[in-house]
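Structural description and commentary
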Amino acid sequence: MRIGYTHAEYDRESEYWQDIEDAQNAQIEAQKNLSKAATNDKHVEKINQNQITGILPQEDAK
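These remarks concern the structure in this document. It should be emphasised that the depicted structure is a prediction, and the values quoted were computed from it without experimental measurement.

Rules of the game
- Residues numbered from 1 in each chain as written.
- Predicted model: local features only at pLDDT ≥ 70, side-chain atom pairs only at ≥ 80, totals over all residues.
- Heavy atoms only, no water.
- Helix = DSSP H or I, 4+ residues; strand = E, 2+ residues; numbered from the N terminus.
- Buried < 20%, exposed > 50% of the residue type's maximum accessible area, 1.4 Å probe, protein only.
- Areas by Shrake-Rupley, 256 points an atom, 1.4 Å probe, with all protein chains shown as cover.
- Patch = residues over 30% accessible without salt bridge, like charges linked within 9 Å, V, L, I, M, F, W, Y side chains within 5 Å.
- Salt bridge = Lys/Arg side-chain N within 4 Å of Asp/Glu carboxyl O.
- Lys, Arg positive; Asp, Glu negative; His and termini not counted.
- Charge placed at Lys NZ, Arg CZ, Asp CG, Glu CD.

Some points on the overall build of the chain
- A count of helical and extended segments in the chain gives one helix and zero strands.
- When the 62 residues of the chain are sorted by exposure, 0% land in the buried category.
- Carbon together with sulfur atoms contributes 54% to the accessible area of the chain, which is approximately 6,500 Å² in total.

Structure, rendered in structure tokens:
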């Protein structure tokens, strides 16, 4: 039974966990971007809806 890591094994192990952390961070960032995009889409949709059906000022009746 061997105890400890060689430098190469330690480097591979470190890279493995770093890759997992990077992937998780990328996933979190993508989710934030999707959420932000969805919020922006709803905001734009509301603006467009107001432009289409918005109440226009009425001229004074003479």
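Considering a negative patch on the surface
- The grouping of Asp11, Glu15, Asp19, Glu21 and Asp22 at the surface amounts to a negative patch.
- Here Glu21 shows up in helix H1 (residues 7-53).

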